[in-house]
Amino acid sequence: MRDTRRARLMLGLLLAVALILITVDNRAGSDRVLGPVRGFAGAVFGKVERVGAAVTGPITGFVGMLRDAPSARRMIGDLRKENARLRDEVSAQRLDRARSDKLDRMLGLAGLGRYRIVPAQVVARRTVAGFEDTVEIDVGAADGIRADMTVLSDQGLVGRVIQAGPASSTVALLTDPALSAGARLEGGNELGVVNGLGEAGGGGNLIKFRLLDSTVPIGVGRRIVSFGSQRSLPYVPGVPIGVVERIDNTPGEVTRTAYARPFADFSALDVVGVVVAAPKRDPRDSVLPPVPPPPKPRDERRPGEHRTGQRSLEEGFGLRRPAPPRDERAREGVAAGEGRGGRN
């Protein structure tokens, strides 16, 4: 009971003081007597208010932070999702640009060879009985695709269609050991057969090229194109195949074997084209890419040496006489010898 009475007494005193201060504040105005009282009370209670704000401010901020924490977490989560979406869009745009560039180059290659193609995208690697290296593409019979059609990329021959479903098809790659294609050396009619090596081709995906005539000369750097099949099935003529990198010289063999690196990058197949109509004429070597220029020979001259027909700066300014030709030096030596002989 004592505590209750004391609390009521304190509350009454505080209310009385508050009423007095309100009365003083309203009536003081510019009064000379009550004005100082008002100023003193304001200064005292202002300090009390500032101290109270300094003490309770962090507590109020912490309570507000706890209250706003769920919404902040939701905002952070939304921002992270937005950032992930933007990154995916940037990656998709880059991928679309790369695919668009490949498609443009492939259409250019098809235009040179007069091939009518249906563009497709490689969607998966597949395993088919009897084949090691196969992929699935996203076009099929509904797009005019059927088995034994040539498949190419923006760089060269990829393989042939072995199965055609309603909306997708399976393509056996040129690197498959079960695949073989007629081929021809650039610039001539030397014929041979290209076979895949599978895992034996190593990371470089080399292919084997066997010339039918072992007496035909072949060197590293020679390029190979497809020879074509009857009615252009499964291969159309003139598609770039690869470049010879190594030659296997085995005496006594009826055929001659070389190993070539394909133009197509089989480790990064993406956009391909299925040839649905062959050209009326063999394009021969017109589809092959331009031959790169040979590297410039290095200048093996030592410092101070000059090319024939060029004078050094010293000779140009007359600081040093150019060396006389060898025949002139020989004549001078003969004349000097004759002069010495005449004086003797």
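Throughout what follows, the structure given in this document is the object of discussion. From a predicted model like this one, the values you see are computed outputs, not experimental measurements.

The rules behind each value
- Residues numbered from 1 in each chain as written.
- Predicted model: local features only at pLDDT ≥ 70, side-chain atom pairs only at ≥ 80, totals over all residues.
- Heavy atoms only, no water.
- Pairing = 2+ DSSP bridges.
- Helix = DSSP H or I, 4+ residues; strand = E, 2+ residues; numbered from the N terminus.
- Phe/Tyr/Trp six-rings, centres within 6.5 Å; stacked < 30°, edge-to-face > 60°.
- Lys NZ or Arg CZ within 6 Å of the ring centre and 35° of its normal.
- Salt bridge = Lys/Arg side-chain N within 4 Å of Asp/Glu carboxyl O.
- Buried < 20%, exposed > 50% of the residue type's maximum accessible area, 1.4 Å probe, protein only.

1. Quick word on the pairing of strand 6 (residues 180–185)
Relative to strand 7 (residues 191–196), strand 6 is paired through five bridges, and the arrangement is antiparallel. Its bridge partner being in strand 7, G182 is matched across the sheet by V193. Hairpin connection of strand 6 to strand 7: five residues between the antiparallel strands, including G187 at a positive phi of 80°. Direction of pairing for strand 6 relative to strand 9 (residues 223–226): antiparallel, over a ladder of three bridges. Opposite L185, over in strand 9, you have I224 as the bridge partner.

2. Here we look at the packing of aromatic side chains
For the structure shown, the criterion picks out zero aromatic pairs. R246 extends its terminal NZ or CZ atom over the ring of Y259, reaching a point 4.3 Å from the ring centre.

3. A look at the pattern of salt bridges
Counting across every chain of the model gives six salt bridges. Where R160 meets D148, a salt bridge forms, and the shortest distance between an N and an O atom there is 2.9 Å. Here the residue R160 occupies a position in strand 4 (residues 157–164), and D148 occupies one in the loop between strand 2 (134–137) and strand 3 (150–152), the gap between them amounting to 12 residues. Residue classification places R160 among the buried positions, given a relative accessible area of 17%. By relative accessible area, D148 is classed as partly exposed at 32%. Its salt-bridge partner being E186, residue R223 comes within 2.9 Å of it at the nearest N-O pair. Note that R223 is positioned in strand 9 and E186 in the loop between strand 6 and strand 7, a separation of 37 residues in sequence. On the basis of relative accessible area, R223 is assigned to the buried category, the value being 9%.

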